Amino acid sequence: MATTPRKETPSDGGVLQNQPTAAAAQHGDHDRIVMASRRADGSMDQVNPEFIGDKETAVAAAETQLAEQAASAVDVAARGASSAPVDGDGDSEPDAEVKALKAAQDEAAEKARNKARAEVEQRHQGLGE
């Protein structure tokens, strides 16, 4: 039975990498994005992202994305509170709990928009030209 001699592989440099690894990503790879994918905590889910394309579009997308996520987080945090049903005729004015929740959502959304603008300002690289 004939056998093929084993090829020696170089110990380091010059080796092609067929599968990307986490270590490779830490040595210069990065994602070029127009809109970020987000984790549940609002942080970006890319490797050292670089925003490309129109800057105003990237800012608007990031602001909307983070503001909606922040407002949703306020809702989730408030779900544990119970509200008793109101007996009798109601009025069209929201109750104090609803007003407080809306104010908290608005505050969280504004902070998220500010964070979005800062992220894009820091990472935007132009139109890729």
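Scope of this entry: the structure provided in the associated data block. Just so you know, these numbers come straight off a predicted model, no measurement behind them.

Of all hydrophobic cores here, the largest spans 14 residues; its most connected members are Ile-33, Ala-36, Met-44, Phe-51 and Val-120. Among the elements that take part in this core, helix α2 (residues 55–78) stands out by supplying six residues, more than any other. Look past the residues within four positions of Ile-33 in its chain and what remains in contact with it is Met-44, Gln-46, Pro-49, Glu-50, Phe-51 and Ile-52.

For the structure shown, the criterion picks out eight salt bridges. Linking Lys-102 and Asp-106 is a salt bridge whose minimum nitrogen-to-oxygen distance equals 2.8 Å. Of this pair, Lys-102 and Asp-106 are both found in helix α3 (residues 96–123), four residues apart, which corresponds to roughly one turn of the helix. Residue class for Lys-102 comes out partly exposed when judged on its relative accessible area of 45%. Two residues, Arg-113 and Glu-110, come together in a salt bridge whose shortest N-O distance is 3.5 Å. Of this pair, Arg-113 and Glu-110 both sit in helix α3, separated by three residues, roughly a single helical turn. Arg-113 sits in the partly exposed class, given a relative accessible area of 29%. Salt bridges linked by common partners bring Glu-63, Glu-110, Arg-113 and Arg-117 together as one network.

Cut-off values and rules
- Residues numbered from 1 in each chain as written.
- Predicted model: local features only at pLDDT ≥ 70, side-chain atom pairs only at ≥ 80, totals over all residues.
- Heavy atoms only, no water.
- Core = buried A, V, L, I, M, F, W, Y, C linked by side-chain atoms within 4.5 Å.
- Buried < 20%, exposed > 50% of the residue type's maximum accessible area, 1.4 Å probe, protein only.
- Helix = DSSP H or I, 4+ residues; strand = E, 2+ residues; numbered from the N terminus.
- Contact = heavy atoms within 4.5 Å.
- Salt bridge = Lys/Arg side-chain N within 4 Å of Asp/Glu carboxyl O.

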